[in-house]
Amino acid sequence: MSKSGSEVWWKIENLGKRRWAFMVFLGMLILHGSAILVFTRGFLLTRTELSQYSHCSDIQQSPCFSPPLDDQMVNHSKGCWTKPAVDRIVIIVLDALRYDFVAPSTFFEEKKPWMDRLQVLHKLASQPGSFAKIFKAIADPPTTSLQRLKGLTTGGLPTFIDVGNSFGAPAIIEDNLIYQMAKNGKRVVMMGDDTWVQLFPHHFNISHPFPSFNVKDLDTVDNGCIEHLFPYLYKEDWDVLIAHFLGVDHAGHIFGVDSTEMIEKLDQYNGILEKVVDVLESLSGPGGLHENTLLLVMGDHGQTINGDHGGGAPEEVETSLFAMSLQKHPSSSLPSETDSSSCRLDMEKRKICTSSIEQLDFATTVSALLGIPYPFGSIGRVNPELYALAAGTWDLDNFTPESGINFSRFERWMQNYVNVLCMNTWQVKRYIDVYSASSVIGFSDKDMSHVSDLYAQAHDIWLHTKEDVTSLPQLKKQVEAYSNFLSSIAALARSKWTEFNVKMMGTGLCILVFSLFVHIFTIKKLDKLCSSCYLPRGGNFVISFEAIFAYAAVLIRAFSFLSNSFILEEGKVASFLLATAGMLQLRHAIVKKTMLLEGLLFVLVVPFLRFGIELGQSKQAVNSLFLKSFPSWTVGIERSSNLWIYVADILPFLALIILAYILYKSIRHSSCQGLFKFVVVGTIFASSLIALAWALDGNLFSPSMVIVDIKAYWIPRIIYVFGLLQLLLLAISLLCGKEKTSGWEEDTIVKATAMLSAWSSTIIILSGKQGPLVALAAVIQGWCIIRLMTLEQDGNESSTSYSSPVAKSSLLAVCLFFCTGHWCAFDGLRYAAAFVGFDEFNLVRQAALLTIDTFGFSHILPVMGLPLIVACRQHPEIVQAEKRKRLFFFQLCQVYLMYGLIMATSMTLTIICVTIQRRHLMVWGLFAPKFVFDAVGLLLTDFFICFASLYYFA
């Protein structure tokens, strides 16, 4: 055959192989995607949202309905289900308001700098005879803003699947508080976080929304609220005013709780609230605009010490609610059975009492205060303390008939509260009955029987209460019966709300297990094809000890997911297994008296990764130098420690210089030419831009607007453009097919170097100053893995010879994920990275940047660098070029299949774990986020393997 004919034949054969490889990997992607989709449909089902709405006329169906002569029930002019207690409500939402931002520092073991900043609230809550009180508000996870706003307004428990909508909130279609306000003639004005208008697009009379997703912007939303809030306080054209501030939430995400910016925000809020109270009180006299107004200052959720939220940690679910009634009514008290107050002296020796309230109760309580129907799907209880605060029955701690206090007024309020709870209980029972009948699964017969028994008991007491309306003990007994019923419903919903479809979950698991067998079968099939490329060796395929350990390490890590403790310590488990593999390699190197430097270097770098993992998980010192220098690291460094400050400044630059030098040497000492060379040179230039941006961030230059724009906007955008152009050049090189080097292995090395360099600049600038250090550690470890691979050859050319390096690569990838400050929870996402180079929010752009930051080091770079393992392995015994190319193709397919098998094995055990633990207390706080992160990681891995097959097999 002529030379030209041979080239044509090879191109045809190569095209067939490329298509074959791509179809195999695409098939794996489809299998894994189908398994995850089916399992997700069974595991992360949303709660069935009913289309029913509450109406004023529904009260006639209630056993609580009394003739109109009873003015405690149906109103004749304003009310609906209950008699209105307030005319207007001002709701000020301070996003991510921790409980210790509001409660006095004396309520905590240790005083922190961010405590006692909202002094105006302490002053109001401590005044004798004051109608103001501080509540610890307990939220239900997940604690993202969308879920909390949905829970606050519907009175239900938003499910985990709604987290995916946090960046594009869909309108709430089920019955909710805002709908009932608008439906019943309440004029609602909103200003601040634009999530409100996304959730309720047609419910506000007037709205002033501001974009909420730029976490770097601490002031735009707050300034917009301030601009509109105070003028509206003097207007009469509203009944409910909502102002949602975001500064504290954004300050937490960027700077942490213990930061100057956070304290400045809290001081600013103290001033704002002081002015709001002054305006309200000045207009609260008889006949005044705010004579019967209720002020609520509240958070939607809390935040951790480093400003994260989304999970179920106490710091995240504990927020605050401050309530103040402007009515000038005589004081009275609650029965001790319903009073949960805890009182202490603050730093000014003022007595302050705080209570506790479930956010689940917010919608029902506010509805009762306004005299509108409760949302149909609400399962909360009218909170007695908040309701009493606005209804004029507060601070009568020593109530006795002989004390001279008006007994009939107190009894009258108790009767009214019993009526309110009666409607509350009937509405919840009605919803549970309709939900169980309408939903696919609903509640079990046993649960429904228990619910019916509790309701029947409460109803029987109600019948006796109607006969003996003057008996205070009977009224208290009635309140206790209703409260027990409502508490039982809330507990039942929290434990069994999600409708797990076990059949779909099992089907998804079976599909994933089937994909594991497909992986194994294909790998063994490729083993036989690889053997055809060698001379007969007598079947010398021996499984080495390193290969056995690789299998064991994969299984140990996978099975560790069955324990919630090991999931929490996943990064440490991976670093331990990687260190163990390194020690085995070092021992092997010592025995063979070769590769000692590589073995020692591999072992020494692992502690650095472990150090990064520890820092990423602890995140304790939020006001440290590394908060700005290393956005995902939180190392406590005193500013007086000049040596450490210099080290922190210099290390990232040194690492960046070393990385640029490595790239320079790679194009000097290889046959890298043409477009590939331009790509690598572009990365070296991008590295210099990154160094320039960090230099401008220091104290060498005056912080002029030009300097700020260059470092914050132009340099990141230029690097993003460079990255896209580099990928475009690589695509052009494939289409042209002219960028060939002297050998197939070297051609792959050049391709891999170009591809890794094209991605690296973007990933590094998103990661902050830790990026070069992590990248350098990854390069060193990758080089050591490739070099130490020669210790395991021993004439073994089966797939087992690649098991150890591939397993170590996967463990290294896991370490890199945790080392960069991430973990498998939504509060482990570095949202600030999505806005590097941008201020305005764009869903696609910010999602892409956040994905690259989260999975760049741990998924994108490892997958694109895997061919180096095969390309750097020498096969001098194979003389024929065609056989070497064929062997390279088969082995590269094997390596990618093994890597995918490792990822799929981990995903399989994760699915088994969440299936077993689906009723666990931590299912939504720990196991479900772990499932989501692993699922996204597996699909991304499969996608980039498909992409790599088109790139490397061209």
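Residues numbered from 1 in each chain as written. Predicted model: local features only at pLDDT ≥ 70, side-chain atom pairs only at ≥ 80, totals over all residues. Heavy atoms only, no water.

Novice: What am I meant to see in the state of the cysteines here?
Specialist: Two cysteines form a disulfide when their sulfur atoms are joined by a covalent bond. Per the counting criterion, the structure on display carries 3 disulfides. Across the disulfide from Cys56 sits Cys80; the S-S distance is 1.8 Å. Every disulfide takes its handedness from the sign of the S-S torsion; for Cys56 and Cys80 that torsion is -140°, giving left-handed. In this pair, Cys56 sits in the loop between helix H1 (3–43) and strand S1 (88–94) while Cys80 sits in the loop between H1 and S1, placing the two residues 24 residues apart along the sequence. Cys56 gets classed as partly exposed once you look at its relative accessible area, which sits at 32%. (Disulfide = S-S within 2.5 Å. Helix = DSSP H or I, 4+ residues; strand = E, 2+ residues; numbered from the N terminus. Buried < 20%, exposed > 50% of the residue type's maximum accessible area, 1.4 Å probe, protein only.)

Novice: Explain the sheet that holds strand S3 (residues 188–193) here, please?
Specialist: Whether parallel or antiparallel, the strands of a sheet pair through hydrogen bonds between backbone atoms. Read from one edge to the other, the open sheet built from 9 strands follows the order S4-S3-S5-S1-S6-S7-S2-S9-S8, with strand pairing classed as mixed. Since the sheet does not close on itself, it has two edges, and those belong to strand S4 (206–210) and strand S8 (342–345), each with one partner. Strand after strand, the sheet turns through a mean of 15° between neighbouring axes, direction not considered. By the bridge criterion, 4 bridges tie S8 to strand S9 (residues 351–358) in an arrangement that is antiparallel. Of the residues in S9, the one forming a bridge with Ser342 is Thr354. (Pairing = 2+ DSSP bridges. Axes fitted to C-alpha atoms, helices over the stretch in contact; angles between N-to-C directions.)

Novice: Can you help me understand helix H4 (residues 145–154) in this one?
Specialist: One turn of an α-helix holds 3.6 residues; hence residues three or four places apart share an orientation. Across the 10 residues that make up H4, a large majority, 10, are buried. Those residues of H4 not exposed but buried are Ser145, Leu146, Gln147, Arg148, Leu149, Lys150, Gly151, Leu152, Thr153 and Thr154. Following H4 by one or two positions, Gly155 has its phi on the positive side, about 75°.

Novice: Quick question: what am I supposed to make of the pattern of salt bridges here?
Specialist: A pair can form between side chains of opposite charge whenever their charged atoms are brought close. One pass over the structure, following the stated rule, counts 23 salt bridges. For the salt bridge of Asp527 with Lys524, the shortest nitrogen-to-oxygen distance reads 3.3 Å. Note that Asp527 and Lys524 are positioned in helix H16 (residues 502–531) at a spacing of 3 residues, about one turn of the helix. Taken together, the salt bridges that share partners define one network made up of Arg557, Glu570, Lys930 and Asp934. (Salt bridge = Lys/Arg side-chain N within 4 Å of Asp/Glu carboxyl O.)

Novice: What's the story with the confidence of the model for the protein chain in this structure? I'm lost.
Specialist: Detail in the predicted coordinates should be disregarded across regions flagged by low pLDDT. For the protein chain, per-residue confidence averages 82 on the pLDDT scale, and 81% of positions sit at 70 or higher. Low pLDDT, under 50, characterises residues 162–168; the predicted model gives this stretch 18 contacts beyond four residues in sequence or across chains. Under a pLDDT of 50 for its full length, residues 393–406 has, in the predicted model, 32 contacts with residues more than four places off or in other chains. (pLDDT = per-residue confidence, 0-100. Contact = heavy atoms within 4.5 Å.)

Novice: Where do I start with the environment of Phe818 in this structure?
Specialist: The topology assignment puts Phe818 in helix H27 (residues 803–819). Distance from Phe818 to Leu609, taken between C-alpha atoms, is 8.7 Å for residues 209 residues apart in sequence.

Novice: Any chance you could explain the layout of surface pockets here in plain terms?
Specialist: To find leftover empty space, one rolls a probe the size of a water molecule over the atoms. Quantified by volume, the second largest pocket comes out at close to 1400 Å³. At the level of secondary structure, the elements contributing two or more residues to the lining of the second largest pocket comprise helix H22 (642–668), helix H23 (674–696), helix H25 (744–767), helix H26 (770–788), H27, helix H28 (843–865) and helix H29 (867–871). Broken down by class, the residue content of the lining of the second largest pocket amounts to 32 nonpolar, 13 polar and 3 charged. (1 Å grid on protein atoms, 1.4 Å probe; cavity = no way out; pocket = protein on both sides within 12 Å on 5 of 7 lines; lining within 4 Å. Points joined across faces, edges and corners; volume = space filled by probe spheres on them. Nonpolar A, V, L, I, M, F, W, Y, C, P; charged D, E, K, R; others polar.)

Novice: Would you mind going over empty space enclosed by the protein with me for this structure?
Specialist: Taken as a whole and judged by the stated rule, the model has 11 cavities of 30 Å³ or more. Listed by contribution, the elements that provide at least two residues to the lining of the largest cavity are H27, H28, helix H30 (881–916) and helix H31 (923–952). For the lining of the largest cavity, the residue count by class is 11 nonpolar, 5 polar and 4 charged. If you add up the space inside the second largest cavity, you get close to 70 Å³. Lining of the second largest cavity is provided by Ile91, Val93, Leu152, Thr153, Leu177, Ile178, Trp196, Met298 and Phe362. For the lining of the second largest cavity, the secondary structure elements donating two or more residues are S1, H4 and helix H5 (177–183). Of the residues that constitute the lining of the second largest cavity, the class distribution is 8 nonpolar, 1 polar and no charged.

Novice: When you look at a nonpolar patch on the surface in this model, what are you seeing that I'm missing?
Specialist: Together, Tyr646, Ile650, Leu651, Leu654 and Ile657 give the surface a local cluster of nonpolar side chains, amounting to about 500 Å² of exposed area. Along the polypeptide, Leu654 turns up in helix H22. (Patch = residues over 30% accessible without salt bridge, like charges linked within 9 Å, V, L, I, M, F, W, Y side chains within 5 Å. Areas by Shrake-Rupley, 256 points an atom, 1.4 Å probe, with all protein chains shown as cover.)

Novice: Before we go on, may I ask you to explain the pairing of strand S6 (residues 293–298) in this structure?
Specialist: Where a strand is regular, its side chains alternate between the two sheet faces. Buried residues dominate S6, accounting for 6 of its 6 residues. Sheet topology note: the S6/strand S7 (residues 318–325) ladder contains 5 bridges and is antiparallel. The residue bridging Met298 from the neighbouring strand is Leu321, located in S7.

Novice: Please explain helix H19 (residues 570–592) as it appears in this structure.
Specialist: Taking 1.5 Å of rise per residue, the 23 residues of H19 would be expected to cover 33 Å, and the 33 Å separating its terminal C-alpha atoms lies within 8% of that figure. Lys593, located one to two residues past H19, shows a positive phi value of around 55°. (Expected span 1.5 Å × (residues − 1).)

Novice: Hey, could you run me through the packing of H19 against H27 in this one?
Specialist: Helix-helix packing is described using two parameters, namely the angle between the two axes and the distance between the axes. In contact at an axis separation of 9 Å, H19 and H27 are set at 145° when each is read in the N-to-C sense. The handedness of the crossing between H19 and H27 is left-handed. Two secondary-structure elements touch here, H19 through Glu570, Gly571, Ala574, Ser575, Leu577, Leu578, Ala581 and Gln585 and H27 through Ser804, Lys808, Leu811, Leu812, Val814, Cys815 and Phe818. Within the contact of H19 with H27, the residues separate by chemical class into 9 nonpolar, 4 polar and 2 charged. (Left-handed = near helix turned anticlockwise from the far one by under 90°.)

Novice: What exactly am I supposed to notice about unusual backbone geometry here?
Specialist: With the exception of glycine, the majority of residues adopt a negative phi angle, and the majority of peptide bonds are in the trans configuration. A positive phi angle, close to 65°, is found at Lys349, a residue other than glycine. For Lys349, the position within the fold is in the loop between S8 and S9. Taking the relative accessible area as the measure of exposure, Lys349 reaches 67% and is therefore exposed. For Met595, which is not glycine, the phi dihedral falls at a positive 60°. Summarising the element assignment, Met595 is placed in the loop between H19 and helix H20 (596–618).

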